[in-house]
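Structure at a glance
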Amino acid sequence: MPTAEDVKARIEASIPGATAEVQSPDNVHFNARVVAEAFDGLSRIEQHRLVYAAFEGELGGAIHALQLKTETP
Amino acid sequence: MSEQASNPIRDAIQQAIDENPVILFMKGTPEQPMCGFSARTAGALQSLGAPFAAVDILPDPRIRQELSALSNWPTIPQLFVNGELVGGCDIVTEMYETGELAQVLGVEQTGSEPVETQAVGPRPMGIENRLN
């Protein structure tokens, strides 16, 4: 099962320059706040898709839920 | 019959999105949500008193599969307004808090107190019933 650290590392590796704070009570549900320059000019939907792209088919599976808040620096 | 040419579930989902100005795909129903995120999203819509259609994706796993393929969005719930994906629970909650959701729905937001659900409420729909 992925840990909060794993999820943080995946997001930061997938989005150059991103900083993620990730918490998880159970390694199934995750809560992430992601700050990235790359979000600039994107809609919320597009920002979330960018983060989701780091996980491909795992969302809804191993990662049951990823609560997400995206921001620009 | 080629699989690519005919996809009745995806067609039914697309038709439901086209026919309903506000439509929420969720786990369970607004009255009996089966997931906290679906509950919160339906609750935001209900507290604004905006009429919305609701589709329970649980009865047939293919609904979720086809919906996510169509919307390019991996998780449930998903809210569509005027044919456009607005977002899932996080985005809808954030938009509710900032007042943007009321704006998108064209309703008045009366303070931050949740108001009583109105009689115009949600109409659960069954995609799977259209497949026969």
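Everything in this summary refers to the structure shown in the same document. (Residues numbered from 1 in each chain as written. Chains lettered and ligands numbered in written order. Predicted model: local features only at pLDDT ≥ 70, side-chain atom pairs only at ≥ 80, totals over all residues. Heavy atoms only, no water.)

Looking only at helix α2 (residues 44-52) of chain A, the buried set comprises I45, Q47, H48, V51 and Y52 of chain A. The arc enclosing the buried residues of α2 of chain A, seen along the axis, measures out at 165 degrees, which places them on a common side. The inward-facing, buried residues of α2 of chain A contact α1 (4-14), β2 (29-35) and β3 (65-71) of chain A together with β4 (84-87) and α4 (89-98) of chain B. (Buried < 20%, exposed > 50% of the residue type's maximum accessible area, 1.4 Å probe, protein only. Helix = DSSP H or I, 4+ residues; strand = E, 2+ residues; numbered from the N terminus. Arc of directions from axis to C-beta. Contact = heavy atoms within 4.5 Å.)

This paragraph deals with the pairing of β2 of chain A. Residues and elements named next belong to chain A. Summarising the sheet, strand β1 (residues 19-23) and β2 pair through 5 bridges and their orientation is antiparallel. When the sheet's bridge partners are listed, E21 is paired in β2 with R33. Between β1 and β2, which pair antiparallel and follow one another directly, the connecting turn spans 5 residues, one of which, N27, has a positive phi of 60 degrees. Note that β2 and β3 share 7 bridges and pair parallel. The partner of F30 across the bridge, within β3, is L66. Note on the crossover from β2 through α2 to β3: the handedness is right-handed. (Pairing = 2+ DSSP bridges. Right-handed = clockwise from strand over helix to strand, strands pointing away.)

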